[in-house]
Amino acid sequence: FGIAYRMLGDRAAAEDVVQEAFLKTRDAEAVASPRAWLSTVVTRLCIDQLKSARARRESYVGPWLPEPLPTDDKIDRDTISMAFLVVMETLSPIERAVFLLHEVFDYSYAEIADIVGKEEAAVRQILHRAKTHVVARRPRFSGTREQHHRLLMGFVQACTAGDLQGLEQLLVDDVVALSDGGGKVRAARKPVEGAVNVARLLIGLTKKGPANATYDIRPINGDPAIVIYDGARIDSVLSIATDGQKITEIEIVRNPDKLARLCPPDASREGGHPMDLPASPFLRQS
């Protein structure tokens, strides 16, 4: 599932791929190494899906963001974050597979060559190309969990207080905000860039939010994220990426299809510990 979700950015599709892989394994007469077999089948199924999905992604209304995935503290946050998966989306299917298998799952060049059906030398070239691209797109330092939490709390306080200047100070100059509505709900159809533009957008969205909006802080894709509710319905999930000092990217998922698998407010609290949030004239803590 870890391979499939990072490849596809779609929880339901990843589960379907894993199920299909297990069915193929069951039908195989003899599997010397179940782990290698499953990894190979899952990776190849994902590559096929990504190739067929390319046309749909290109016609997608507005920016495409991964489906938010509830996580815990045990997961490798740097390789499951929204920002990381957004970068993965810019790689070709084969580049994505090679990069993930080597850099995240520690497969050898020889093992990856068998999985993707390439020569080992070709795998090395593909990995070099993919790493160069990823390094250019990702911050060198993503910050600690504590720094991420501090910046997220500052973000919440600035937005809910309508503090435009305070919010700008939390953002890097070239910050980018991505909104995924999938053409089904209102969302910015192009990335919004620059601290001033992004701050104005977010303050405006907070003021114009539903009258009965509430919110929680929940662990999503490795880090705390803001889950906003309109009554009992999840309206959106907002995640941030940081360099440890300021916010570098903001991802807002509003496409209802990508929020349907998240728990409603009451269910999310069972066994959980939502963080204390400041009072707000626009949003209320759920």
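Please refer to the structure placed before this passage.
Residues numbered from 1 in each chain as written. Predicted model: local features only at pLDDT ≥ 70, side-chain atom pairs only at ≥ 80, totals over all residues. Heavy atoms only, no water.

Section: the packing of helix α6 (residues 109-116) against helix α7 (residues 120-137)
Close contact between α6 and α7 brings their axes to 9 Å; oriented N to C, the two are set at 100°. Here α7 runs roughly perpendicular to α6, going by the angle between their axes. Between α6 and α7, the residues in contact are Tyr109, Ala110, Ile112, Ala113 and Val116 and Glu120, Val123, Arg124 and Leu127, respectively. (Axes fitted to C-alpha atoms, helices over the stretch in contact; angles between N-to-C directions. Helix = DSSP H or I, 4+ residues; strand = E, 2+ residues; numbered from the N terminus. Parallel < 35°, antiparallel > 145°, perpendicular 65-115°, else oblique. Contact = heavy atoms within 4.5 Å.)

Comments concerning the nonpolar core
The biggest cluster of nonpolar side chains holds 40 residues, and the ones touching the most others in it are Met7, Met88 and Phe99. Those elements that place two or more of their residues in this core are α1 (2-8), α2 (11-27), α3 (34-58), α4 (82-88), α5 (93-104), α6 and α7. Sort the elements by how many residues they give to this core and α3 lands first, with seven residues. Not counting residues within four places of it along the chain, the set of residues in contact with Met88 comprises Arg6, Arg96, Phe99, Leu100 and Val134. Listed in part, the 28 residues of the second largest apolar core include Val175, Val198, Ala199 and Ile250. (Core = buried A, V, L, I, M, F, W, Y, C linked by side-chain atoms within 4.5 Å. Buried < 20%, exposed > 50% of the residue type's maximum accessible area, 1.4 Å probe, protein only.)

Details of the packing of α5 against α7
Between α5 and α7, whose axes approach to 9 Å, the crossing angle comes to 90°. Judged by the inter-axis angle, α5 sits roughly perpendicular to α7. Of α7, the residues touching α5 (which contributes Ile94, Glu95, Val98, Phe99, His102 and Glu103) are Val123, Ile126, Leu127, Arg129, Ala130, Lys131 and Val134. Here the residues of the contact of α5 with α7 sort into eight nonpolar, one polar and four charged. (Nonpolar A, V, L, I, M, F, W, Y, C, P; charged D, E, K, R; others polar.)

What about the environment of Gly222?
When you line up the elements, Gly222 lands in the loop between β3 (213-220) and β4 (223-230). For the pair Gly222 and Leu69, spaced 153 residues apart in the sequence, the C-alpha separation amounts to 8.5 Å. Not counting the four nearest positions on each side in its chain, Gly222 is found in contact with Thr71, Ile75, Arg77, Ile80 and Arg145.

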